[in-house]
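Structure at a glance
Here are the chains, one letter per residue:
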Amino acid sequence: MKAALKNIRLVATDLDGTLLRNDKSISPEDYKMLIHLGEKGITRIAATGRSLHKVEEVLPSSVPIDYVVYSSGAGIYDWNNQQLLHREFFSEETTLAIIAHLLKGQFNFFVYEAIPNNNLFQFHRGAEPCGEFERYLGFHEGDFHELNGLDYLGSAGQIMAVIPNDTKLFEELKAGIEMACKNVRVIRTTSPINSNYIWLEIFPDSVSKGHGIKWLCNYLSVDYAATVGIGNDYNDLDMFEFVAHPYVLSNGIAELRHRFRTSEKSNEESGFSAVIQELSITQL
């Protein structure tokens, strides 16, 4: 069964590849739809793997949304009141355990400070040269310095390794990390820079877009059954599994399009609005 718009109280959308077009803009149609949802009293959430700093690079403060679930759920932010509501991070002990595991495997990886400073990070070059890794550093000049082995003090909000886009390799590394390090969650994201690479993102096991949206539902007293989630990539999976009405845009990963409802429209074709329009004309 599908839900009529009048029965929906919360809509969560991924940013890159979903609400954002490929040039990182929002289509006029999608912008108007965000306003329309607000007029109907429906909570609008941007759920993204971006840090808040990176969200603010693509979303002006005037964009009509209510909350941001960012860094894949590690932070929850009240967009209109500019207030951090919730954050998750690793203990220093767990941070060092993950770093030790990645150093042993000689991976290329980044260690991000805890929210609200998670735009700052340290990096380690692994055994294999990686153009994707170097390009990422080039996009963040001034935000980082090189990691000196296990000489890391304090907690971390996120750790990310860059690996080739190989599902078998990802699953093997994921299993190894989760076995070696307690209370962690490994999330797969297709690199938005080069789809030949995977960003293997490591968070506390309480972190995911789905957990972030659930936290907001409880905070706002929204029935879980009255939720919609729209996305396109692997890091949207937890969101899809939590919300009552998950939708993948037509440009989404094939595996997800086979598992969840799929819009006929892509992010370049105002797919976000197309999903809402489908919901608004369909009765239970």
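Residues numbered from 1 in each chain as written. Predicted model: local features only at pLDDT ≥ 70, side-chain atom pairs only at ≥ 80, totals over all residues. Heavy atoms only, no water.

1. Side note on the packing of aromatic side chains
- Applying the stated criterion to the full structure yields 14 aromatic pairs.
- Note on Tyr-77 and Trp-79: the rings are 6.5 Å apart at their centroids and 75° apart in plane angle, and the pair reads as edge-to-face.
- Among the residues examined, Trp-79 registers a relative accessible area of 6% and is labelled buried.
- Measuring from ring centre to ring centre gives 5.5 Å for Phe-123 and Phe-144, while their planes differ by 80°; the resulting arrangement is edge-to-face. Here Phe-144 lies in strand E8 (residues 144-146) and Phe-123 lies in strand E7 (residues 121-124), a separation of 21 residues in the sequence.
- A relative accessible area of 6% places Phe-123 in the buried class. (Phe/Tyr/Trp six-rings, centres within 6.5 Å; stacked < 30°, edge-to-face > 60°. Buried < 20%, exposed > 50% of the residue type's maximum accessible area, 1.4 Å probe, protein only. Helix = DSSP H or I, 4+ residues; strand = E, 2+ residues; numbered from the N terminus.)

2. Some thoughts on the pattern of salt bridges
- Counted under the stated rule, the structure contains 11 salt bridges.
- Close ionic contact of Asp-14 with Lys-209 constitutes a salt bridge, the shortest N to O distance being 3.0 Å. One end of the pair, Asp-14, is in the loop between strand E1 (10-13) and helix H1 (28-39); the other, Lys-209, is in helix H6 (residues 209-220), with 195 residues separating them in the sequence. Residues Asp-14 and Lys-209 agree in their burial class; the two are buried.
- Glu-57 is paired through a salt bridge with Lys-54; the nearest N and O atoms lie 3.4 Å apart. Linking Glu-57 with Lys-54, this pair stays in helix H2 (residues 52-58), spanning three residues, or about one helical turn.
- Here the salt bridges do not stand alone but share partners, grouping Asp-14, Lys-209 and Asp-236 into one network. (Salt bridge = Lys/Arg side-chain N within 4 Å of Asp/Glu carboxyl O.)

3. Description of the sheet that holds strand E5 (residues 83-87)
- The mixed open sheet is built from eight strands, whose spatial order is E5-E4-E3-E2-E1-E12-E13-E14. Sheet topology places E5 and strand E14 (261-262) at the edges, where each strand pairs with a single neighbour.
- Inspection of the sheet shows strand E2 (residues 43-47) paired to strand E3 (residues 67-70) by three bridges, in the parallel sense. Directly across from Ala-47, in E3, lies its bridge partner Val-69.
- Against the sheet, H6 touches E1, E2, E3, strand E4 (75-78), E5 and strand E12 (227-231), its axis set at about 150° to E3. (Pairing = 2+ DSSP bridges. Contact = heavy atoms within 4.5 Å. Axes fitted to C-alpha atoms, helices over the stretch in contact; angles between N-to-C directions.)

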